Amino acid sequence: QVQLVESGGGLVQPGGSLRLSCAASGFTFGNYAMRWIRQAPGKGLEGVSDIRSDGKSTDYADSVKGRFTISRDNAKNMVYLQMNNLKPEDTAVYYCARDPTAWVAPPPDYWGKGTLVTVSL
């Protein structure tokens, strides 16, 4: 069955960096676009970034553009989110999710359980 397992969350000070990882299994990873979505405490879901199946096309929310970088390794069935210059407003649970096609086409059909990122002094 499809499984997406996030890791790499934690507590970081403002201005710091974290790298989130998502391990995928149960499907042909290289055939699907992937995305990161976050949910801040008491707020709704926000799309953070997405990446096409071949990794050659990416997109970012305006709130993270220039600070976050999405990437994937199809040989390892992994997708990553490098987060730099973190701000308190980046505090959220971050979810890895799979789009149902090779190109970016939300809504995603499978989600991981999420990893918590807390940005605070």
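A. A look at the nonpolar core. Residues W36, F68, V79, L81, M83 and Y94 are the most contacted members of the largest nonpolar core, which totals 28 residues. When contributions to this core are tallied by element, the ones reaching two or more residues are β3 (18–25), β4 (34–39), β5 (45–51), β7 (68–73), β8 (78–83), β9 (92–98) and β11 (115–119). Sort the elements by how many residues they give to this core and β3 lands first, with four residues. Not counting residues within four places of it along the chain, the set of residues in contact with Y94 comprises E6, L20, W36, I37, R38, V48, F68, L81, M83, G114, T115 and V117.

B. Fine view of the environment of A40. With respect to the secondary-structure elements, A40 resides in the loop between β4 and β5. A40 gets classed as buried once you look at its relative accessible area, which sits at 18%. In this structure, the C-alpha to C-alpha distance between A40 and L81, residues 41 residues apart in sequence, is 17 Å. Apart from residues lying up to four places away in sequence, A40 is in contact with T91 and A92.

C. Main features of the state of the cysteines. Across all of its chains, the model carries one disulfide by this definition. A sulfur-sulfur separation of 2.1 Å characterises the disulfide bridge that pairs C22 with C96. Around the S-S axis, the bridge from C22 to C96 shows a dihedral of about -75° and counts as left-handed. Here C22, found in strand β3, pairs with C96, found in strand β9; they are 74 residues apart in sequence, far enough to count as distant. According to the relative accessible area criterion, C96 is buried, its value standing at 0%.

D. Region of interest: the pattern of salt bridges. The final tally for this structure, using the stated rule, is eight salt bridges. For D54, the salt bridge identified is with R52, shortest N-O distance 2.8 Å. Of the residues examined, D54 reaches a relative accessible area of 37% and is grouped as partly exposed. By relative accessible area, which is 30% here, R52 ends up partly exposed. With a shortest N-O distance of 2.8 Å, R98 and D109 are connected by a salt bridge.

Thresholds, definitions, all that
Residues numbered from 1 in each chain as written. Predicted model: local features only at pLDDT ≥ 70, side-chain atom pairs only at ≥ 80, totals over all residues. Heavy atoms only, no water. Core = buried A, V, L, I, M, F, W, Y, C linked by side-chain atoms within 4.5 Å. Buried < 20%, exposed > 50% of the residue type's maximum accessible area, 1.4 Å probe, protein only. Helix = DSSP H or I, 4+ residues; strand = E, 2+ residues; numbered from the N terminus. Contact = heavy atoms within 4.5 Å. Disulfide = S-S within 2.5 Å. Salt bridge = Lys/Arg side-chain N within 4 Å of Asp/Glu carboxyl O.

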